[in-house]
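# Understanding the architecture of this molecule
Listed below are the residues making up each chain.
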Amino acid sequence: EISGEYLEKMGYILGLSNEFTNINQSSVYMKQADYAVEIGNQMGDKTRIYHFREFILKYILTRFDGTFPAECLYSTGLLSLIEHDKDRNTDYIQTLDVYLRNEMRITATSNELFLHRSSLLNRLDKIRNILDEDLEDPDTRLYLRACLYLMKKRDA
């Protein structure tokens, strides 16, 4: 394992892309790593290892220009949720979208989805387990809402 201390000794900085899952998108992963280093350096942080996932929201809000396909901006958990919907013909993405748009209000979400409250709570538990994100964190919610928006734009 490479440590920040080792990198500092060598005078190196490391940029890490999202999880590398498609060899055909290696140039995208390289751009993600470059972006992570660029933004990490601008922040003046003494960290020597920068992860693209730490800067995705900033990228989406300030620079989204199509350099990265939208799917390359999604977290591993969101990608898992998308796959779950495809494999099992569920509507977890839609449920998450409605839940977040309703500011995590159960009654408003269940009314909009025409679901009983307990059914919605069960579905949200499954979504949280697959997603593995902290929905209590406002930045995480904003990031997910931005991703869901990009997903809708792509599918439109």
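Refer to the structure presented above.
Residues numbered from 1 in each chain as written. Predicted model: local features only at pLDDT ≥ 70, side-chain atom pairs only at ≥ 80, totals over all residues. Heavy atoms only, no water.

## Here we look at unusual backbone geometry
Note on backbone geometry: most residues besides glycine have negative phi, and most peptide bonds are trans. Phi is positive for Glu103, which is not a glycine, with a value near 55°. On the secondary structure map, Glu103 appears in the loop between helix H5 (92–101) and helix H6 (106–113). In the Ramachandran plot, Asp132 falls in the positive-phi region, its phi being about 55° despite a non-glycine side chain. Tracing the chain through its elements places Asp132 in the loop between helix H7 (117–131) and helix H8 (138–155). According to the relative accessible area criterion, Asp132 is exposed, its value standing at 67%. (Helix = DSSP H or I, 4+ residues; strand = E, 2+ residues; numbered from the N terminus. Buried < 20%, exposed > 50% of the residue type's maximum accessible area, 1.4 Å probe, protein only.)

## Considerations on the packing of aromatic side chains
Tallying each qualifying case throughout the model produces 8 aromatic pairs. Pairing Tyr35 with Phe52 gives two aromatic rings, centres 5.9 Å apart and planes at 75°, and the pair type is edge-to-face. Placement of the pair is Tyr35 in helix H2 (residues 26–42) and Phe52 in the loop between strand E2 (49–51) and helix H3 (56–62), with a sequence separation of 17 residues. A single burial state applies to Tyr35 and to Phe52, both of which are buried. Between the aromatic rings of Tyr35 and Tyr59, the centroid separation amounts to 5.2 Å while the plane-to-plane angle is 80°, which identifies the pairing as edge-to-face. With a gap of 24 residues between them, Tyr35 in helix H2 and Tyr59 in helix H3 connect regions that are remote in the sequence. (Phe/Tyr/Trp six-rings, centres within 6.5 Å; stacked < 30°, edge-to-face > 60°.)

## Comments concerning a nonpolar patch on the surface
A grouping of Tyr6, Met10 and Tyr12 is seen on the molecular surface, where their side chains present a nonpolar patch of about 340 Å² in accessible area. With respect to the element layout, Met10 can be found in helix H1 (residues 4–10). (Patch = residues over 30% accessible without salt bridge, like charges linked within 9 Å, V, L, I, M, F, W, Y side chains within 5 Å. Areas by Shrake-Rupley, 256 points an atom, 1.4 Å probe, with all protein chains shown as cover. Salt bridge = Lys/Arg side-chain N within 4 Å of Asp/Glu carboxyl O.)

## Some words on the environment of Thr109
By secondary structure assignment, the location of Thr109 is in helix H6. Through-space distance from the C-alpha of Thr109 to that of Leu81 is 18 Å; in sequence the pair is 28 residues apart. If near-sequence neighbours (up to four positions away) are discounted, Thr109 is found in contact with Val98, Tyr99, Asn102 and Leu120. (Contact = heavy atoms within 4.5 Å.)

## Quick look at the packing of H5 against H8
At a minimum axis distance of 10 Å, the contact between H5 and H8 shows a crossing angle of 125°. One finds that H5 runs oblique with respect to H8. Relative to H8, the crossing made by H5 is left-handed. Facing Ile93, Leu96, Asp97, Leu100 and Arg101 of H5, the residues of H8 in contact are Arg141, Leu144, Arg145, Leu148, Met151 and Lys152. Residue composition of the contact of H5 with H8, grouped by class: 6 nonpolar, no polar and 5 charged. (Axes fitted to C-alpha atoms, helices over the stretch in contact; angles between N-to-C directions. Parallel < 35°, antiparallel > 145°, perpendicular 65-115°, else oblique. Left-handed = near helix turned anticlockwise from the far one by under 90°. Nonpolar A, V, L, I, M, F, W, Y, C, P; charged D, E, K, R; others polar.)

## A closer look at the state of the cysteines
Tallied over the entire structure, the rule returns 0 disulfides. Cys147 supplies the cysteine sulfur nearest to Cys72, a cysteine that is in no disulfide, at a spacing of 11 Å. Take Cys72: its relative accessible area is 5%, and that puts it in the buried class. (Disulfide = S-S within 2.5 Å.)

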